[in-house]
Each structure stands twice: as structure tokens, then as C-alpha cells.
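Residue-level structural notes
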Amino acid sequence: MYPTYYSERGCVSGNCEDGIGLYIWSDGDVHAGVWKDGDQHYWGAMFWNEYGNADFYQGMFRNGDRQDRGLYVYENATPKFEVEALSYLDRRELTANSTIHFILFTATDDRRVGTSCEETNKYFRNTFVPKLARYSGMQVRTYYRSGSSYFTLSALKRTIANHSTGRNDVIFFYYAGHGYNRGYSDFPTITLGRSGESIASRQKDLIDVYTTLQRKPHRLLLVMAEACNKVYARRNDMRVSNIVNNFALYQDESRHIKELFVQSRGDYLMSSSGKNQLSHLASGQPGFFTCSFRDAFAHYVDMGYSGTATWGKIFNQTKSNTRSNAEQIGEVQVPQWCEGDYCN
């Protein structure tokens, strides 16, 4: 048979460096499978597009070389590869040396938002992080910063600047506290430290946190903040309401958590409200935004959800839920999110 020619070349789908991807060489050879450091590694399928011959191998690779564990077929046929067909793979080798770095800053000592921030703290420490440790298959390192000694600008700078990450790691930064918009970005400036101290000495633009973490090696970056985003926001402007319902219980599905933390890549930035908007609190619970994120995350990792869990779906559901809760108390609060360099 004659060799098959493709209109695309290179990595046409997925991740052909450290992940699962589909690669087409200039001579028409095709490999779909797991990649490590740019080489075929672990499980994959290879089609050699040679003149008069179309050999096919499905099995194990190591550092770019075919191993003896697999099926080699001498077949005059043109295969159709689908990267999605590899979703059943055991990904232990991909996650064994990968880490989720979870960074949580909460203003638990603040008189106005401290109770809500403490509930946010409890949710992430007692529910969210244990789920990641149990179901992701990845190592989880936590950086909890709250209270007067640790909820400071210097602690924030040290935390995001000094810890080391790998190129297949996940960085998840979450902030709950006060903020305002000083006019330089659509995203808020977050404030740390004690009330009464100079704002200039304890403020950090959320976009700066994002760009600093972007420069670190990683596969997936998530930066989220629950804070007011209004120019010259006053403490008493923020509403406290019991409109948010109690957290619904779901049965977790490890497949969906792996979709979010093992199979996903990209850089995401999200804040709890749009520019010149306040962020409101739920009585006895985290703020509207954190409650909405909590419920959206639980929905998409529930075993009853039959689709594919993605961060875009979670962010959009969080946005919709937050806006709806705010409307019920006559307020406007619409979270915003962006991806990659579009945030800058």
C-alpha cells in the first residue's frame, strides 16, 4: 500500500511532553499514548507509515524505545487514533512524582469576616484537601496561612516565592479576606495584616500573585480569591445573609478528580466579584463565592455526573450560583475568571 499523508504535523492533540498526546511525524508515523520528557514512555500505540508496509504496535515504551510487552501487527491498514481512547490508562507512573501545592490564606482573625474565613478554612482543610490526597493519586503539600502571625504580606511573598515546584505539578492558591480595586486591574488588590496598619504596607494585587506563580514550573495553575473588588470599599458595605443553603452531600468519583488534577493543564485566575463590586458573606458559612465553588466542585466530582469534569465548567457554575445568591438579597456580585495570558 502507499503511505498515508496527514495535513497536520507535530503534537496535534494532548500533551506530548509529559502527559497523553497524539504526535504525527513528517514521514507520517503516528504515536498516541503516554509521553515523558518528550519521549514515548509507558503505554502507547505506534503506526509506522512506510511504503508498502503499515506496521502497528500497541504496548509498552520506555524512554522512546518499544519494549517486548505488547502486540506487534504486520497489517496493511490505516488506523484511526483517538487520544480519548486512552482515558482508561493507569496513570500511576504519571502522578508518582507529581505534587499538588495547595496554598490557603484566610483572614480568620478579622472582626468583620473572620467567622466566614474560618469556615472557608475548615472546608478546605477538612474536606477539599483530604479529597485530593485520597483520589488524585498525587502528593499534596499544604501551606496554611491564617491568624495574625501568618496572614501577612511578608508571609505571602515568602510562600509564593520560595517553595520549589516541578513541571508536572499543580499549584492551587486560594485567598479569603478583604480586598478592594485600586484601578490598575479588573481583579482586586488583596489586603493582609492587621487593621489600622498602612494599606500600602500590606496590599498585593491578585494579578501579581498570578504572574509570580506563572513563572514557576507547573502543569496546572489555579489562583482564586474571595474579596471585595470595589474602589474604596468600606467594611460596612458588605452584606451578611443566610440565603445560601447548607452544603449538599455527594458521593465522590475519583475519575473526575483525576480529570481535574491529573489530566488538566493551563493557568486560571478567578475572583469572587467583578470590578467595582462587593463580595458578600453567608451567615455561619463561607462567603457566597466559596459556598458556590464548594457546591460546583462537589457536583462535578460526584459519581452521578456522567460527563467530563473541567475547570471551565466548575468556574461557570460557581459564577452562576454566586450571581443568583446575590440577586436574592438585591445585590450584584458576578465572579470573573480568565485563562492563560489573557489575564495579563
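Before reading on, note that the structure itself is shown above.
Residues numbered from 1 in each chain as written. Predicted model: local features only at pLDDT ≥ 70, side-chain atom pairs only at ≥ 80, totals over all residues. Heavy atoms only, no water.

The next point concerns the nonpolar core. F128, F172, F261, F293, F297 and W311 are the most contacted members of the largest nonpolar core, which totals 33 residues. Residue assignment for this core shows that the elements contributing at least two residues are strand 7 (99–106), helix 2 (114–135), strand 9 (170–176), strand 13 (220–226), helix 5 (254–261), strand 15 (266–271), helix 6 (288–301) and helix 7 (311–328). Excluding anything up to four places from it in sequence, F293 contacts Y123, F124, F128, F172, M224, W311, I314 and T318. Ranked by size, the runner-up nonpolar core spans 31 residues in total, among them L153, Y210, L213 and L281. (Core = buried A, V, L, I, M, F, W, Y, C linked by side-chain atoms within 4.5 Å. Buried < 20%, exposed > 50% of the residue type's maximum accessible area, 1.4 Å probe, protein only. Helix = DSSP H or I, 4+ residues; strand = E, 2+ residues; numbered from the N terminus. Contact = heavy atoms within 4.5 Å.)

This paragraph deals with the sheet that holds strand 10 (residues 179–180). One key point about sheets: their strands pair by backbone hydrogen bonds, in either a parallel or an antiparallel sense. One open sheet holds the 3 strands; their spatial order is 10-11-12, and the pairing between them is antiparallel. Each edge of the open sheet is held by one strand with a lone partner, namely strand 10 and strand 12 (203–205). When strand 10 meets strand 11 (residues 189–191), the two strands line up antiparallel, connected through 2 bridges. The residue bridging Y180 from the neighbouring strand is T189, located in strand 11. Sitting on the sheet, helix 4 (residues 206–214) is in contact with strand 11 and strand 12, with an inclination near 65 degrees to strand 12. (Pairing = 2+ DSSP bridges. Axes fitted to C-alpha atoms, helices over the stretch in contact; angles between N-to-C directions.)

Every regular strand shows the same layout, with side chains that alternate between the two sheet faces. Here strand 7 pairs with strand 8 (residues 139–146) via 8 bridges, running parallel. Pairing of H101 across the sheet is with R141, part of strand 8.

The next subject is the packing of aromatic side chains. A ring pair, where both rings are aromatic, is described by two values, the distance of the centres and the angle of the planes. Inspection of every chain in the model, using the stated rule, returns 30 aromatic pairs. For the ring pair F128 and F293, a centre distance of 6.0 Å and an interplane angle of 50 degrees mean the geometry is tilted. One end of the pair, F128, is in helix 2; the other, F293, is in helix 6, and 165 residues separate them in sequence. Here F293 falls in the buried class, since its relative accessible area comes to 0%. (Phe/Tyr/Trp six-rings, centres within 6.5 Å; stacked < 30°, edge-to-face > 60°.)

With that out of the way, let us pick up unusual backbone geometry. The general pattern is negative phi for most residues beyond glycine and trans for most peptide bonds. Here N276, not a glycine, exhibits a phi torsion of approximately 65 degrees, which is positive. The class for N276 is partly exposed, based on a relative accessible area of 45%.

In a regular helix each residue adds 1.5 Å, so 14 residues correspond to 20 Å; helix 6 covers 20 Å between its end C-alpha atoms and thus fits that length. Among the 14 residues of helix 6, 12 are classified as buried, and the element is accordingly described as predominantly covered. Listed as buried for helix 6 are F288, F289, T290, C291, S292, F293, R294, A296, F297, A298, Y300 and V301. (Expected span 1.5 Å × (residues − 1).)

Turning next to the environment of T322. Locating T322 in the fold gives a position in helix 7. Given a relative accessible area of 0%, T322 falls into the buried group. Sequence spacing of T322 and P335 is 13 residues, and the spatial spacing of their C-alpha atoms is 7.2 Å. Every residue in contact with T322, bar those within four places of it in the chain, is listed here: S272, F288, F289, S292, Q333 and P335.

Taken as a whole and assessed by the stated rule, the structure comprises 1 disulfide. A sulfur-sulfur distance of 2.2 Å marks the disulfide that ties C11 to C16. Here the S-S torsion is close to 80 degrees, and the disulfide linking C11 with C16 is therefore right-handed. (Disulfide = S-S within 2.5 Å.)

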